[in-house]
Amino acid sequence: MDTIIQLKNVSFAYETEEEEKTLAVKNVDLEVRRGEFLAVVGHNGSGKSTLAKLFNAIHLPTEGQVLVEGMDTADEANVYDVRRRVGMVFQNPDNQIVATIVEDDVAFGPENLGVPAAEIRERVDDALRAVGMYEYRLYEPHKLSGGQKQRVAVAGIIAMRTDCVIFDESTAMIDPKGRREVLETVRKLNRELGITVIFITHFMEEAALADRVVVMDGGSVAAEGTPAEVFADTALLRRTGLELPPAAQLAAALRENGVALDGDTLTPETCADALFRAAQKAGVV
Amino acid sequence: MIRDITIGQYLSGTSFMHKLDARVKIVCTFAYIITIFLCKNFWSLGLMVAFAALMTLLSRVPVRMLLRSLRPVAFILLFTAVLNLFYTKTGNVLFQWKFLMLTDKGLFTAIFMAVRILSLVSVSALLTYTTTPTALTDGIEKLLSPLKLIKVPVHSLAMMMTLALRFIPTLIEEIDRIMSAQKARGADLETGGFIQRAKALLPILIPLFVSAFRRAYELAFAMECRCYRGGEGRTRMKQMKLGVRDAVTAVAFVALIAGVVLLSRFFPAVI
Ligand SMILES: Nc1ncnc2c1ncn2[C@@H]1O[C@H](COP(=O)(O)OP(=O)(O)OP(=O)(O)O)[C@@H](O)[C@H]1O
Ligand SMILES: [Mg+2]
């Protein structure tokens, strides 16, 4: 698998009044692989959003180098090319929708890229279908639910045909139903269109579905690995203030009480399977 | 309830007026408003009113909706009518009681002013009822584009207008939320004199402004992420194209204005 974004020993400090500059991101070395679903977790203030903004040249590294498809984000001439490859969906859908009609908003990105009118139309329709919002194309955004608005925001990015989309806690402000809709949409885009996804989240059950998890702590990468590896490391979780996904919590509690669960128990599905196997073994079913 | 607010006041539809190019509608609306203030006799005024009625028919906007848009101006309408009625001192006296004097010219002026204001408001309402905010701002941008030559930032102005329209419902929702929050903390917004009430507004305005600035900041980030770089090199999904319908409308308007000019020549001015 080739690399789409590469961070080489990247540090970043916000411009502040104070003399002492604290680094929001410290000596991060990271590779994002093409086509993967990468989750980034970490407690509040651990530098996740700052990291995200380094990926698409919103912030430029104070030290080190960020390469997107081999292009250095610090080079002014590359900024536009970087952003047309790496899109970003923010937390609050209300603050990223610019137009008063859904389809006009989705068209905003391609219009900025100078795509011809007929092709924009095609891209907008495709993007709205991909996120399941085609029927709502003529709605006014404020008449949609949080999950629907966020899906419109996602459509606005994929209509730009970016290779990679960063989600900065894009599910944090919406209700559980909307959250599921958005997550399902994102996984589908990742699987079917091969879009690389960087998914920043506070919800461990979402991180459990990723191909790879990066744990941030105090601005540095505390660990990276598959969800199974990361969530098996209890010392790491305690140190970085993270919890297990709910399904894994249940499994751990059951194990403590003598239920012998084997295999993966990170997601509700795998946990249910493990329970079923345990029940079969015990002769209950 | 808050979700029900419509941005601008567009009523979706597929009528003749809906399908007209926004630029044509904007120009014609302005032309109409200027022309109606040039009408000096009942014949030309009647022609203008008939034309407004025709436009209403072609827009399929229910008369009830038009009347609703007139409600806010009812007071101004009454005020100017009464003022004109008794303020005009020239013409033949129809009626006199102490210092109150009513002349035929005063009566006519009052009628003319009332009809002009009514038509002005109805015609502008028709424009906003049949044009989406996006089409409206796009139309204004296109119409003003010659001003780019003298360095007027036309694109930025149009973008500002779009964003303002987009954020009206969001901010109204926000006000609602802040008011509930302050009421829950015991804020009293309904009683007291003017000064007291104005003071009570402060705890609402300050959070509103703080949040508006935060939103603006985030929005700017989001727009940058979507490769926004101003109007340079930007294309549009919805191209504005003039068609037969627009040509017909333009000719009808020229005919209307010619008609008004002719009627003003042949019949004496009454005001
Ligand atoms: N605009 C800013 N100016 C100065 N310091 C900032 C700014 N934004 C963030 N910081 C600081 O940088 C550090 C990392 O913040 P960041 O927003 O990246 O964390 P995060 O992991 O995204 O947190 P959260 O989970 O709350 O979103 C924090 O210590 C924060 O106080
Ligand atoms: Mg954050």
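As the structure is a prediction and not an experimental result, all values here were calculated from the model. (Residues numbered from 1 in each chain as written. Chains lettered and ligands numbered in written order. Predicted model: local features only at pLDDT ≥ 70, side-chain atom pairs only at ≥ 80, totals over all residues. Heavy atoms only, no water.)

Brief notes about the packing of aromatic side chains
The tally for this structure, following the rule as stated, stands at 11 aromatic pairs over all chains. Their ring planes at 65 degrees and their centres at 5.3 Å tell us that B:Y217 and B:F221 sit as a pair that is edge-to-face. Pair noted here: B:Y217 and B:F221 are both in helix α9 (residues 194-225), with a separation of 4 residues, about one helical turn. Taken together, A:F37, A:F167 and A:F199 form an aromatic cluster joined through their ring pairs. We note A:R129 situated over the ring of A:Y134; from NZ or CZ to the ring centre the distance is 4.2 Å. (Phe/Tyr/Trp six-rings, centres within 6.5 Å; stacked < 30°, edge-to-face > 60°. Helix = DSSP H or I, 4+ residues; strand = E, 2+ residues; numbered from the N terminus. Lys NZ or Arg CZ within 6 Å of the ring centre and 35° of its normal.)

Regarding the layout of surface pockets
In this structure, the largest pocket encloses a volume near 980 Å³. Forming the walls of the largest pocket are 41 residues, and the residues nearest its centre are A:D104, B:T132, B:T134, B:A135 and B:K238. Of all elements in the fold, only α3 (102-112) of chain A together with α1 (16-19), α2 (22-36), α7 (133-144), α8 (154-184) and α10 (244-266) of chain B reach the threshold of two or more residues within the lining of the largest pocket. Here the lining of the largest pocket is composed, by residue class, of 14 nonpolar, 12 polar and 15 charged. (1 Å grid on protein atoms, 1.4 Å probe; cavity = no way out; pocket = protein on both sides within 12 Å on 5 of 7 lines; lining within 4 Å. Points joined across faces, edges and corners; volume = space filled by probe spheres on them. Nonpolar A, V, L, I, M, F, W, Y, C, P; charged D, E, K, R; others polar.)

Considering unusual backbone geometry
A negative phi holds for most residues other than glycine; trans holds for most peptide bonds. Residues and elements named next belong to chain A. Even without a glycine there, the phi angle at N9 is positive, about 50 degrees. Following the sequence through the fold, N9 ends up in strand β1 (residues 3-13). For N9, a relative accessible area of 36% gives the class partly exposed. The residue N27 is not glycine, and still its phi comes out positive at about 40 degrees. Of note, N27 is situated in strand β2 (residues 23-33). What makes N27 partly exposed here is its relative accessible area of 46%. (Buried < 20%, exposed > 50% of the residue type's maximum accessible area, 1.4 Å probe, protein only.)

Brief notes about the domain arrangement of chain A
Reports often express the size of an interface as the amount of accessible area lost when the parts come together. All names here are of chain A. Looking at chain A, the domain boundaries give domain 1 (3-228) and domain 2 (244-285). The straight-line distance from the C-alpha centre of domain 1 to that of domain 2 is 34 Å. Taken together, the contacts link 6 residues of domain 1 with 5 residues of domain 2. Roughly 400 Å² of surface becomes buried between domain 1 and domain 2 when both sides are summed, with 84% attributable to carbon and sulfur atoms. Contact with domain 2 buries surface across domain 1, with M204, E205 and A208 losing the most and accounting together for 70% of the total. Summed over the shared surface of domain 1 and domain 2, the result is 0 salt bridges. (Domains from an automatic or database assignment. Contact = heavy atoms within 4.5 Å. Buried area = accessible area lost by both parts, 1.4 Å probe. Salt bridge = Lys/Arg side-chain N within 4 Å of Asp/Glu carboxyl O.)

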